[in-house]
Amino acid sequence: MHLTFYNYTLELKHQFTLAGSSRITTPVVLVEIEYENVTGYGEASMPPYLGETQRTAADFFRKVDLEQFTDPFELETILAYVDAIAPGNSAAKAAIDIALHDVIGKLLGKPWYTLWGYNPRKAPYTAFTIGIDTPDMVRMKVQEAQEFKIIKVKLGGESDRQMIEAVRSVTGKPIIADANQGWKDRQLALDTIEWCAEKGVLMIEQPMHKDNLEDHAWITERSPIPVIADESVQRLCDMEKIKGAFSGVNIKLMKATGMREAKRMLETAHAFNMKVMLGCMTETSCAISAASHLSPMADWADLDGALLIKNDKFEGTKIINGKIAIKNRPGTGAVKLF
């Protein structure tokens with residue numbers, strides 16, 4: 001097997017503002033793995049707050065020697081080797097994982113939802129994400145998202161209620177909200193959550209700092225809507241520690257090192273009787289397509305990352321009338337456009 005990689009910069013359609021940052025681009029590294037004339041595609045998306053960069057990814061990829069493996073079906077052995085090369089580098093590891101899954105699916109001539117035994121018709125509607133912005137821009141973005149059945153709103157600042165009111169002024173659609181660790185006081189957080197629930201918000205992600213599990217448990221016990229862990233959980237090893245502190249978990253391939261571990265996290269969440277949200281970063285349709293194969297087993301999905309960019313380099317899973325439509329193609333279903 002032969003690994004190649006190259007940098008790519010995603011250009012966002014709108015400035016994307018969270019509780020602690022704002023950006024108009026996202027750096028990614030795209031990966032290709034070749035095996036017997038079959039090419040698998042992978043992606044590492046690295047928004048700045050995750051701590052990975054194109055340079056750290058390149059440094060990691062240069063340490064990876066896939067030439068030593070002659071059979072891509074030895075997935076457990078290969079990915080265990082990749083994981084052990086260095087700590088961290090979750091997005092870089094995810095890119096290799098996604099590309100390997102793509103190769104294997106193509107060799108078998110099957111999409112991954114089939115190999116996992118999932119029904120693609122059970123894929124949920126995806127939310128459309130609106131970053132922190134002025135009321136006028138929020139209303140404009142909501143109107144641009146007419147086909148979507150669920151709106152995701154970024155909170156965690158001083159304009160939280162203004163954000164929700166702006167959405168409510170133009171639509172009665174269900175809302176999911178994400179505070180991105182932005183709230184500092186648990187009582188104020190709970191008060192805001194209760195107010196949000198009255199406005200038709202279905203759930204709230206990561207109200208407070210990721211390490212503050214005690215306050216999250218306090219909020220979760222009293223919240224009228226599910227409280228979902230995002231930054232508090234990265235990989236499978238984090239699932240045990242958040243049990244009881246949250247109602248559910250947001251699983252993302254870039255945090256989980258790819259499809260293999262994300263599936264295990266999903267199964268663990270179900271075993272813990274926790275809700276599952278399948279999320280993403282701003283990504284091309286390469287990584288979004290890979291994640292979409294897990295979506296039939298999720299309670300909620302936030303797989304709009306490719307819709308937020310202007311220069312998608314791949315074609316794959318589509319969103320049709322707000323619903324995830326997984327391509328019936330071998331592998332992840334992502335096709336390189338240029």
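Residues numbered from 1 in each chain as written. Predicted model: local features only at pLDDT ≥ 70, side-chain atom pairs only at ≥ 80, totals over all residues. Heavy atoms only, no water.

A. Just the pairing of strand 4 (residues 127-130), in detail. Residue alternation in strand 4 divides its side chains into two sets, Ala127 and Thr129 and Phe128 and Ile130, and both sets are buried. Sheet topology note: the strand 4/strand 5 (residues 150-154) ladder contains 4 bridges and is parallel. Bridging from a neighbouring strand, Ala127 pairs with Ile150 of strand 5. With respect to chirality, the unit in which strand 4 leads through helix 5 (residues 135-144) into the neighbouring parallel strand 5 is right-handed. (Buried < 20%, exposed > 50% of the residue type's maximum accessible area, 1.4 Å probe, protein only. Helix = DSSP H or I, 4+ residues; strand = E, 2+ residues; numbered from the N terminus. Pairing = 2+ DSSP bridges. Right-handed = clockwise from strand over helix to strand, strands pointing away.)

B. Main features of the environment of Leu308. Along the chain, the position of Leu308 falls in the loop between strand 11 (300-301) and strand 12 (314-315). For the pair Leu308 and Ile78, spaced 230 residues apart in the sequence, the C-alpha separation amounts to 33 Å. Contact partners of Leu308, with chain neighbours within four places excluded, come to Glu11, Leu12, Lys13, Phe16, Phe128, Thr129 and Thr282. (Contact = heavy atoms within 4.5 Å.)

C. How the structure looks around the nonpolar core. The biggest cluster of nonpolar side chains holds 109 residues, and the ones touching the most others in it are Ile33, Phe61 and Leu66. Setting aside anything within four residues of it in sequence, one finds Ile33 in contact with Met1, His2, Leu3, Val38, Thr39, Gly40, Leu66, Ile96, Ala99, Leu100 and Val103. If you look at the next biggest cluster of nonpolar residues, it comprises 7 residues, including Ala127, Ile150, Ile176 and Met203. (Core = buried A, V, L, I, M, F, W, Y, C linked by side-chain atoms within 4.5 Å.)

D. Quick peek at the pairing of strand 2 (residues 22-35). Bridge count for strand 2 against strand 3 (residues 38-45) is 8 bridges, and the pairing is antiparallel. What sits directly across from Leu30, in strand 3, is Glu43. The hairpin turn running from strand 2 into strand 3, its antiparallel successor, is 2 residues long, and Glu36 in that turn takes a positive phi close to 45°.

E. The arrangement of helix 7 (residues 186-198) in detail. In a regular helix each residue adds 1.5 Å, so 13 residues correspond to 18 Å; helix 7 covers 18 Å between its end C-alpha atoms and thus fits that length. Within the span of helix 7, buried status applies to Ala189, Leu190, Thr192, Ile193, Trp195 and Cys196. Tucked into the core, helix 7 has its buried residues touching helix 6 (160-168), strand 7 (201-205) and helix 8 (213-222). Sitting at the amino-terminal end of helix 7 is Asp185, which places a side-chain oxygen 3.0 Å from the backbone nitrogen of Gln187. Note on helix 7: the residue one or two positions beyond its end, Gly200, has a positive phi of about 90°. (Expected span 1.5 Å × (residues − 1). Polar contact = N/O pair within 3.5 Å; in protein donor to acceptor, adjacent residues only side chain to side chain.)

F. A look at the packing of helix 5 against helix 6. The geometry of helix 5 relative to helix 6 is characterised by a closest axis approach of 9 Å and an angle of 40° between their N-to-C directions. Judged on the interaxial angle alone, helix 6 and helix 5 are oblique. Taken as a pair, helix 5 and helix 6 cross one another with a handedness that is right-handed. On helix 6, the residues that touch Pro135, Val138, Arg139 and Val142 of helix 5 are Gln162, Met163, Ala166 and Val167. Looking at the contact of helix 5 with helix 6, its residues break down into 6 nonpolar, 1 polar and 1 charged. (Axes fitted to C-alpha atoms, helices over the stretch in contact; angles between N-to-C directions. Parallel < 35°, antiparallel > 145°, perpendicular 65-115°, else oblique. Left-handed = near helix turned anticlockwise from the far one by under 90°. Nonpolar A, V, L, I, M, F, W, Y, C, P; charged D, E, K, R; others polar.)

G. Inspection of the sheet that holds strand 10 (residues 275-278) at higher detail. Across the sheet, which stays open at both edges, the 8 strands sit in the order 4-5-6-7-8-9-10-11 with parallel pairing between neighbours. The sheet is open, and its two edges are formed by strand 4 and strand 11, each paired on a single side. Strand direction decides the pairing type here: strand 9 (residues 248-251) and strand 10, joined by 4 bridges, are parallel. Bridging across to strand 10, Asn250 finds its partner in Met277.

H. View of helix 11 (residues 259-271). Taking 1.5 Å of rise per residue, 13 residues should cover 18 Å, and helix 11 covers 18 Å from first to last C-alpha, within 8% of that figure. Of the positions making up helix 11, those classed as buried are Met259, Arg260, Glu261, Ala262, Lys263, Met265, Leu266, Thr268 and Ala269. Looking one or two residues past helix 11, Asn273 carries a phi angle of roughly 60°, positive in sign.

I. Region of interest: the pattern of salt bridges. For the coordinates displayed, the defined rule picks out 24 salt bridges. Here Lys141 ties to Asp133 by a salt bridge, and the two come within 3.0 Å at their closest N and O atoms. Across the pair Glu221 and Arg222 runs a salt bridge whose closest N-O atoms are separated by 3.5 Å. Assessed through its relative accessible area of 38%, Arg222 is described here as partly exposed. Shared partners join several salt bridges into a network, and the residues in it are Lys152, Lys154, Asp178, Glu205 and Asp302. (Salt bridge = Lys/Arg side-chain N within 4 Å of Asp/Glu carboxyl O.)

J. Looking closely at unusual backbone geometry. Positive phi values are uncommon outside glycine, yet Asn37 reaches one of about 65°. Within the fold, Asn37 resides in the loop between strand 2 and strand 3. Positive phi, normally seen in glycine, also occurs at Gln181, with a value near 70°. Its place among the elements puts Gln181 in the loop between strand 6 (175-178) and helix 7.

K. Representation of the environment of Lys210 within the structure. For Lys210, the position within the fold is in the loop between strand 7 and helix 8. Judged by its relative accessible area of 37%, Lys210 falls in the partly exposed class. Put simply, Lys210 and Leu337 are 127 residues apart on the chain and 38 Å apart in space, counted from C-alpha to C-alpha. Apart from residues lying up to four places away in sequence, Lys210 is in contact with Gln181, Glu231 and Ser232.

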